[in-house]
Every structure is written in structure tokens, then in C-alpha cells.
Amino acid sequence: MAELLKDMFNHKSLREAAQVIQSVYEPFQTEAFLETVMDKTWQDLELKARVRKISQGLGKYLPEDYEEALSILNQVIADCPSGFFGIIFPDFVEVYGQNEKDWDLSIAALERYTPYSSAEFAVRPFIIQHEERMMAQMYTWSRHENEHVRRLASEGCRPQLPWGQALNSFKEDPTPILPILEQLKTDPSPYVRKSVANNLNDISKTHPNLVVRIAKDWYGKNEYTDWIVKHGCRTLLKNGNREVLSIFGYHDADSIKVKEFIVEPAVVMLGESLTFSFMVQAEKETKVRLEYGIDYVKANGKRNRKIFQISEITLNENEEKYYTKKHSFADMTTRKHYPGLHTISLIVNGVEKGSQDFKLTCP
């Protein structure tokens, strides 16, 4: 089994980081720091809680003066454990650097630290407390030479960033975000463009019409921007939004026929897979987006549909294409399955073209 992300914060990595700090700041108490952080509650803590506990431990054993503490972290960040470990440093800024007198120090630190991991979580309290000022800073970052800093400009202001504090004001009115996305819509970095697309996708969940207007305005003018628009509209595409489907040429569902839709077995055991097959036929040349939906039974007995993409193709006149797919019903960290009557549906260019029921049972 793959190591959980939270487990990268362990006794070995924390000791390594503490020893690097002590090499720069001799009074740092490595053993006391480890005992404080990895106390009896440690094993029960999830990722963000572990990050916060480490930050608070640093706050206890680094100098009380914030500027002095930052100067130490500035010297050690490059030599600490690599990768996601770097998120500790922006979190320290979030915890200890929000006083008005420390604004310039904190903003400079977040810009300095984000290339080592990301400050996308740490910037959010600054946005909430000082929205206009912080969004001006984010726009400045969107023009930065470093792709990590440019990505922070977009990722940090996503209205619904996973694991991040929600930006409710942007869920209500996302217009302050738009100048940043406009600035980054042709960014040469795929890392940045993916963030812009994810930001658009967040906005589409609360303001679909706004994203439709943006998509119509942006699409067809730049290869980089086209990818952003397509990825940023993925929720609208899954929801069968007719305007968005038309932007990408998936407007004709009537010319596509679905035949020989077979689902087996009729009863699926938890942990096993469902197999389904079907054929699509075009009456004329047509762009086709194929998806299937599963109406899952939830813990409360109600059902909720999830959409999965199969393919996007162009079929010529009278062309047929046959598909066989498997769908697993093994429990995952992101989805737990419950027994009961489920439904699988085929969706062509946003239109449901057939459905069949099957039962999920437990061993």
C-alpha cells in the first residue's frame, strides 16, 4: 500500500529538519521539539493537523521575535527534507505572521517559500482578512518570473480549494479572481495552466453562466488557453451543459444511436467489478463525447450520480464503434460503497441514451 502523505512527517524527517535548524540556530532544542510535536496525540492526527502541530512546535523553540525566526527558516528551508515537507514553512507564516506590522515580512516569506512546496493554504487567511490588499498582491504574483509564484496567484484564490479554507466571498462573487486568471490564461507553464483551469472549475460550481461566458470568449484563440477552458469546464461538461458542449462541438446527440447495451452481472459483490458493453453508430459525421453515470447508493439509502468519461471521438457517417468497460466496486479512500439497487446509464453528448439496474451486495 502506498505511504500516506501525512506519514512523510515522521520521527526521521522531523529530526533531520530539527538538526538543520539547530545547525543554524544553536539554542534550538531538537529533543524537546520532537517530544512536543510527536506526543501521544500524533498518531491520530491527519495531514493538516500534523502540519499545524509542527508549526506550533517551531514557534515554541524558535526565537519569539517573528523576524528573527523567519531569518532562521530562510537559511534552512533549502536543506530540510524535500517535497511536500516545504508546506511547513508557509504554515508557520500563517500561524505567526498575520499581524499588521509583519505584513511585508510575511508576504515576502510566502513568495520565498512557495517554490519549495506551496503557500496555497497559507495565503487564504490573508485574503479573508485583507481581501483587496491581498488580491492586489496576488495579481502582482501572477506576473512573477517564477512559475511556482505565478501558480500561487491562482491556486491560492480558488474559491473551493481541496483541504483549504473556503473563500466564501469568492463563492458569492468571484469577479476579484478574474484579472488573475486573465493574466495567466496563456501562461507557458502547464503547472500554472492546470491551476487556472481548476480555479475556473471551482467557479463553475457556483456561477456556471459566468464560466460559460468566459469559455466562449477565450476558446479558439490560443492552444494553451483552449486546454484551460476544456479542463476548467469539466464539471459543466459532466453536468451536460448544452452551451459548453456546443463550444467543443458536442452539440448533436440525435445523430448517434446506442445499440447492444449489455450489463453483467446483474448482482455485483462488493470488491468486484461490473462489466458493460455497447455499440455507438453515427448517422452522419459527428463529434461524440461518451460518458457513463453510476447512481450510487449512499449511507442514508439515497442515491447520488457520478459521471465517468469514456472517450471523445469523431465518427464518420454510418461508422460503428464497439466498447467494453469494467467498473470496480472496491472501496477506496475517496469512495465507500453501500449495498442496494444501483443504476448505470450511458450518456452521449450530454444526453442519456440508456440505463440498466443492478444490485450491489456485501459478502
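Since the model is a prediction, treat every value here as computed from it, not as a measurement.

Trainee: Is there a simple way to think about a positive patch on the surface in this case?
Mentor: Among the surface-exposed residues, Lys238, Lys298, Lys302 and Lys306 lie close enough to one another that they form a single positively charged patch. Looking at the secondary structure, you find lysine 306 in strand β5 (residues 303–315).

Trainee: Looking at this model, I keep getting lost on the sheet that holds strand β6 (residues 320–328). Mind explaining?
Mentor: Backbone-to-backbone hydrogen bonds join strands into a sheet, with any given pair of strands oriented parallel or antiparallel. Strand order in the open sheet made by the three strands is β1-β3-β6, with antiparallel pairing throughout. Taken across any chain shown, the strands that pair with only one partner, and hence form the sheet edges, are β1 (256–264) and β6. Within this sheet the neighbouring strands show an average axis-to-axis angle of 20°, counted without direction.

Trainee: I tried to follow the pairing of strand β7 (residues 340–348) on my own but got confused; where do I start?
Mentor: Every regular strand shows the same layout, with side chains that alternate between the two sheet faces. With seven of its nine residues buried, β7 lies for the most part within the structure. Pairing of β7 with strand β8 (residues 351–361) involves nine bridges; the strand directions are antiparallel. Bridged to histidine 342 within β8 is phenylalanine 358. Linking two consecutive strands that pair antiparallel, namely β7 and β8, is a turn of two residues; a positive phi of about 50° is found at asparagine 349 within it.

Trainee: I keep staring at the packing of aromatic side chains and nothing clicks. Help me out?
Mentor: The geometry of an aromatic ring pair is captured by two quantities: the separation of the ring centres and the angle between the planes. Inspection of the entire model under this criterion finds 13 aromatic pairs. Relative to phenylalanine 126, the ring of tryptophan 103 has its centre 5.9 Å away and its plane inclined at 70°; by these criteria the two rings are edge-to-face. With a gap of 23 residues between them, tryptophan 103 in helix α6 (residues 103–113) and phenylalanine 126 in helix α7 (residues 123–129) connect regions that are remote in the sequence. Under the relative-accessibility criterion, tryptophan 103 is labelled buried at 6%. Put simply, the rings of Phe276, Phe278, Tyr292, Phe308 and Tyr323 pair up and form one aromatic cluster. Positioned above the aromatic ring of phenylalanine 121, the side-chain terminus of lysine 48 is 5.0 Å from the ring centre. The ring of tyrosine 224 is capped by arginine 193, whose NZ or CZ atom sits 3.9 Å from the centre of that ring.

Trainee: Could you clarify how one ought to interpret the sheet that holds β8 in this entry?
Mentor: With mixed pairing, the five strands of this open sheet are ordered in space as β2-β8-β7-β4-β5. At either end of the open sheet lies a strand with only one pairing partner, and these are β2 (267–269) and β5. Across this sheet, the average inter-strand angle for adjacent strands is 25°, counted without regard to direction.

Trainee: Explain unusual backbone geometry to me, please; I cannot follow it from the model alone.
Mentor: Generally, phi is negative for residues other than glycine and the peptide bonds are trans, each holding for most cases. Of note, the bond from glutamate 264 into proline 265 is cis; its omega dihedral lies within 30 degrees of zero at 0°. Tracing the chain through its elements places proline 265 in the loop between β1 and β2. Phi at tryptophan 163 takes a positive value of approximately 70°, unusual for a residue other than glycine. Position of tryptophan 163 among the secondary structure elements: in the loop between α9 (147–155) and α10 (168–172).

Trainee: Before we go on, may I ask you to explain the pattern of salt bridges in this structure?
Mentor: Two side chains that carry opposite charge are able to pair once their charged atoms sit near each other. For the coordinates displayed, the defined rule picks out 25 salt bridges. Among the ionic pairs, aspartate 295 bridges to arginine 305, the shortest N-O distance being 2.9 Å. Of this pair, aspartate 295 sits in strand β4 (residues 286–297) while arginine 305 sits in strand β5, placing them ten residues apart in sequence. Accessibility expressed as a relative area gives 33% for arginine 305, which makes it partly exposed. Its salt-bridge partner being glutamate 352, residue arginine 305 comes within 3.2 Å of it at the nearest N-O pair. With arginine 305 in strand β5 and glutamate 352 in strand β8, the pair connects residues that are 47 residues apart, well separated along the chain. Residue glutamate 352 is classed as partly exposed on the basis of its relative accessible area, which comes to 42%. It is possible to trace a salt-bridge network through shared partners that takes in Glu120, Arg151, Glu155, Arg158 and Asp202.

Parameters and conventions
Residues numbered from 1 in each chain as written. Predicted model: local features only at pLDDT ≥ 70, side-chain atom pairs only at ≥ 80, totals over all residues. Heavy atoms only, no water. Patch = residues over 30% accessible without salt bridge, like charges linked within 9 Å, V, L, I, M, F, W, Y side chains within 5 Å. Areas by Shrake-Rupley, 256 points an atom, 1.4 Å probe, with all protein chains shown as cover. Salt bridge = Lys/Arg side-chain N within 4 Å of Asp/Glu carboxyl O. Lys, Arg positive; Asp, Glu negative; His and termini not counted. Charge placed at Lys NZ, Arg CZ, Asp CG, Glu CD. Helix = DSSP H or I, 4+ residues; strand = E, 2+ residues; numbered from the N terminus. Pairing = 2+ DSSP bridges. Axes fitted to C-alpha atoms, helices over the stretch in contact; angles between N-to-C directions. Buried < 20%, exposed > 50% of the residue type's maximum accessible area, 1.4 Å probe, protein only. Phe/Tyr/Trp six-rings, centres within 6.5 Å; stacked < 30°, edge-to-face > 60°. Lys NZ or Arg CZ within 6 Å of the ring centre and 35° of its normal.

So, to be careful, I would describe these as geometric facts and stop short of saying anything about function.
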